[in-house]
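# Structural characterization, general
Here is what each chain is made of, one letter per residue.
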Amino acid sequence: MAKAKSKAKSSKAKSKPVMFERVAFIGIGLIGASMALAMRREGLVGTVIACARRPKTRKTAFDLGIADEATKDYATAVAGADLVVIATPVGTNGAIAKIISKHLKPGAIVTDVGSVKQAVVDAVAPHIPKGAHFVPGHPIAGTEHSGPEAGFAELFQNRWAILTPLPRTSPKATAKVAEMWRKIGANVAHMQPDHHDMVLAITSHLPHLIAYTIVGTASDLSGDLKQEVIKYSASGFRDFTRIAASDPVMWRDIFLNNKEAVLEILQRFTEDLTAMQRSIRKGDGKTLEESFARTRAIRRGIIEAKQA
Ligand code: NAP
């Protein structure tokens, strides 16, 4: 399979020069596949190579035309690649960087899509050899689905892609990765890795933790009550179940690798929750209403920013 041609439409057929002749995706799930499809759609890439551990993942990526070649061997995947995208759970990134470092071509750009940035920078950057460039990144886009079959080219449309380049990252490499994200529909922002982790702890990691906890509480209920929760789930609970259906390995790695920021935000959240509890117990409707009015304004702001 590795050398055969997939149903993928090669962008080489197009007359415009491509941005990257050869792009290797280490991990070809929701994010990697969506990037590959979007890059193909925009004619940014010549050949796409997918690397994944399971034959089923590789076959799906090949059969769906996401990748031209698929392999389980990291060295084969990155050999000759102009761009290497690490798109696996963040806990694997350091070990992957160590293996691929010996096989990167001079001038290659390595980027990632991990939902945590400081831990990824610490794990990956030391392995990037002189002459190659590491541009850490994170697209703020996703669904609760996993695997290459979940990928779609429009995923990044009007979403943010945050880049957290290091002081030593080549500005030219950063600019090229930023251009790639813009061409596949995203808006690009730059941040310090630790600042990214604090922002994401609030906007993404804490909400996931709350959803996992609420749905976990429901799943621990006894028989009849549990059935009724599922039957009458249309109110708020259903939305939590969607978030809590997200990939367990990916989210395990996010919490283990963004421990400090998540624990800090969780502490503040716990204090606010206790305040709510007190207002309810005391019958303090004024405080409850004021608090709910404030949060309603946040929702309006998100809609106005077209991020709803
Ligand atoms: P996914 O759909 O579960 O895909 C993960 C991919 O990595 C699969 O192709 C998997 O295939 C492969 N893989 C796992 N471990 C591997 C290893 N050690 N070596 C090679 N391949 C490996 O996950 P995803 O949603 O695309 O997430 C990927 C990354 O994007 C994560 O770091 C996540 O934090 C980040 N991210 C996710 C979202 C989201 O909403 N999902 C949003 C933004 C960023 P095999 O199992 O066959 O190896």
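The rules behind these values
- Residues numbered from 1 in each chain as written.
- Predicted model: local features only at pLDDT ≥ 70, side-chain atom pairs only at ≥ 80, totals over all residues.
- Heavy atoms only, no water.
- Buried < 20%, exposed > 50% of the residue type's maximum accessible area, 1.4 Å probe, protein only.
- Helix = DSSP H or I, 4+ residues; strand = E, 2+ residues; numbered from the N terminus.
- Pairing = 2+ DSSP bridges.
- Right-handed = clockwise from strand over helix to strand, strands pointing away.
- Near = heavy atom within 4 Å.
- Polar contact = N/O pair within 3.5 Å; in protein donor to acceptor, adjacent residues only side chain to side chain.
- Areas by Shrake-Rupley, 256 points an atom, 1.4 Å probe, with all protein chains shown as cover.
- Nonpolar A, V, L, I, M, F, W, Y, C, P; charged D, E, K, R; others polar.
- Expected span 1.5 Å × (residues − 1).
- Arc of directions from axis to C-beta.
- Domains from an automatic or database assignment.
- Contact = heavy atoms within 4.5 Å.
- Buried area = accessible area lost by both parts, 1.4 Å probe.
- Salt bridge = Lys/Arg side-chain N within 4 Å of Asp/Glu carboxyl O.

### Notes on the pairing of strand 4 (residues 83–86)
Neither face of strand 4 is left uncovered, since the one carrying Leu-83 and Val-85 and the one carrying Val-84 and Ile-86 both have all their residues buried. As paired strands, strand 1 (residues 20–26) and strand 4 are joined by 4 bridges and run parallel to one another. Within strand 4, the residue paired with Ile-26 across the bridge is Ile-86. Considered for its hand, the β-α-β crossover made up of strand 4, helix 4 (residues 93–100) and strand 5 (residues 109–112) is right-handed.

### Brief notes about the site of the ligand
Around the ligand, 28 residues are found, and the nearest of them are Arg-53, Thr-57, Tyr-74, Thr-88 and Ser-115. A distance of 3.4 Å separates an oxygen atom of the ligand from a polar backbone atom of Gly-29. The protein chains hide 91% of the 890 Å² of surface that the ligand would expose on its own. Those elements that place two or more of their residues in the shell around the ligand are helix 1 (30–41) and strand 7 (137–140). Classifying every residue of the shell around the ligand by side-chain character gives 14 nonpolar, 12 polar and 2 charged.

### Thoughts on helix 6 (residues 171–183)
Relative to the 18 Å expected for 13 residues at 1.5 Å per residue, helix 6 spans 18 Å between its end C-alpha atoms, a close match to the ideal helical length. Residues of helix 6 that are buried: Ala-173, Thr-174, Val-177, Ala-178, Met-180 and Trp-181. In a view along the axis of helix 6, the buried residues occupy a sector of 155°, so they form one face of it. Looking at helix 6, the residues exposed on the side facing more than 90 degrees away from the buried face are Pro-171 and Lys-172. Looking one or two places after helix 6, you find Gly-185, whose phi comes out positive at around 105°.

### A few points about the domain arrangement of the protein
Segmentation of the protein into domains returns domain 1 (3–191) and domain 2 (195–304). Contacts between the two partners involve 16 residues from domain 1 and, on the opposite side, 15 residues from domain 2. Both faces combined, the contact of domain 1 with domain 2 buries some 1,200 Å², and carbon together with sulfur accounts for 67% of it. Scanning the region where domain 1 abuts domain 2 turns up 1 salt bridge. The salt bridge partner of Arg-242 is Glu-144, with a shortest N-O separation of 3.7 Å. Put simply, domain 1 and domain 2 have 4 residue pairs in polar contact (both at pLDDT 80 or more) between them. The set of elements that each furnish at least two residues to the side of domain 1 that touches domain 2 consists of helix 5 (118–124) and strand 7. Residue composition of the side of domain 1 that touches domain 2, by class: 7 nonpolar, 7 polar and 2 charged.

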